[in-house]
Amino acid sequence: AHVPPWPSVALLTTAPLSHRLAGRMALRMAALRRFCSKPVPLGLESPNSVKASLKQFTETAKGFSFSAYFEEKYFWGKANVGPFFLLLLFTPTIYRSVKDIYWTRQLRKLNTEEIISDRYEWLKLNMIKDEVEAGLLSQVPAGGFQPLQLGPSSPP
């Protein structure tokens, strides 16, 4: 009988728990092994390391020449023009996004400054109001103010 290299759904649902776990563990190990890099002897640099890829990128960038890249024969015949045209296509979107990000940050900062300024203004006005009230309360006579009567209190 032909046995597939991975456990079938029927096997995973009808087999005992230990067999199902073993099958899943095997799948995890196979997936993990696939993403692991091969061992490199000590003292040598791994070809997949970040340092190696960064070094390769800088060497490629140093060797780049705009005049050679945009020469007509090279540009249409040999050059990888995909990134250039993608940049050309997405430049308006990128520009708009960067502009929105910039203005959002600036207006958020301005909004914070306005809130702080408004709070200081409110505090200043309330301090002046409190000072005026304290000054007026110090001028109140001992018995308080008598109500003002315009005419006699009883009818004639």
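The structure presented is a predicted model; accordingly, all values stated were derived computationally and were not measured.

### Some remarks on the overall build of the protein chain
Phase 1: Scanning the protein chain for helices and strands turns up six helices and zero strands.
Phase 2: Sequence-ordered secondary structure for the protein chain, helices as α and strands as β, is α-α-α-α-α-α.
Phase 3: Counting all 156 residues of the protein chain, 5% fall into the buried class.
Phase 4: Carbon together with sulfur atoms contributes 65% to the accessible area of the protein chain, which is approximately 15000 Å² in total.

### What to know about a negative patch on the surface
Phase 1: Together, Glu 113, Glu 114, Asp 118 and Glu 121 make up a negatively charged patch on the protein surface.
Phase 2: Here Asp 118 lies in helix H6 (residues 82-138).

### Quick word on H6
Phase 1: With 57 residues, H6 extends 82 Å between its outermost C-alpha atoms, agreeing within 8% with the 84 Å of an ideal straight helix rising 1.5 Å per residue.
Phase 2: Along H6, the sharpest kink reaches roughly 55°, centred on Phe 90 and followed within four residues by the proline Pro 92.

### Re helix H3 (residues 50-62)
Every α-helix winds through 3.6 residues per turn, so residues three or four apart in the chain are directed the same way.
Phase 1: A rise of 1.5 Å per residue sets the reference length of H3, with its 13 residues, at 18 Å; its end C-alpha atoms lie 18 Å apart and thus fit the reference within 8%.
Phase 2: Taking burial as the measure, the 13 residues of H3 include one buried ones, a minor fraction of the element.

### Describing the confidence of the model for the protein chain
Phase 1: Across the protein chain, pLDDT averages 81, with 79% of residues at or above 70.
Phase 2: No element of the protein chain has a lower mean pLDDT than helix H1 (residues 9-14), which averages 54, and none a higher one than H6, which averages 95.

### What to know about the packing of aromatic side chains
For any two aromatic rings, the description comes down to two numbers: the centre-to-centre distance and the angle of the planes.
Phase 1: If you walk through the whole model with that rule in mind, you get 14 aromatic pairs.
Phase 2: With centroids separated by 5.0 Å and ring planes inclined at 90°, the aromatic side chains of Tyr 69 and Phe 70 adopt a geometry described as edge-to-face.
Phase 3: Overall, the relative accessible area of 13% leaves Tyr 69 in the buried class.
Phase 4: Ring geometry for Phe 70 against Phe 75: centres 5.6 Å apart, planes inclined by 25°, an arrangement best described as stacked.
Phase 5: On the basis of relative accessible area, Phe 70 is assigned to the partly exposed category, the value being 38%.
Phase 6: Members of the aromatic cluster, each reached through a chain of ring pairs, are Phe 64, Phe 66, Tyr 69, Phe 70, Tyr 74, Phe 75, Trp 76, Phe 84 and Phe 85.

Conventions we followed
- Residues numbered from 1 in each chain as written.
- Predicted model: local features only at pLDDT ≥ 70, side-chain atom pairs only at ≥ 80, totals over all residues.
- Heavy atoms only, no water.
- Helix = DSSP H or I, 4+ residues; strand = E, 2+ residues; numbered from the N terminus.
- Buried < 20%, exposed > 50% of the residue type's maximum accessible area, 1.4 Å probe, protein only.
- Areas by Shrake-Rupley, 256 points an atom, 1.4 Å probe, with all protein chains shown as cover.
- Patch = residues over 30% accessible without salt bridge, like charges linked within 9 Å, V, L, I, M, F, W, Y side chains within 5 Å.
- Salt bridge = Lys/Arg side-chain N within 4 Å of Asp/Glu carboxyl O.
- Lys, Arg positive; Asp, Glu negative; His and termini not counted.
- Charge placed at Lys NZ, Arg CZ, Asp CG, Glu CD.
- Expected span 1.5 Å × (residues − 1).
- Bend = angle between axes of the 7 residues up to and from the residue.
- pLDDT = per-residue confidence, 0-100.
- Phe/Tyr/Trp six-rings, centres within 6.5 Å; stacked < 30°, edge-to-face > 60°.

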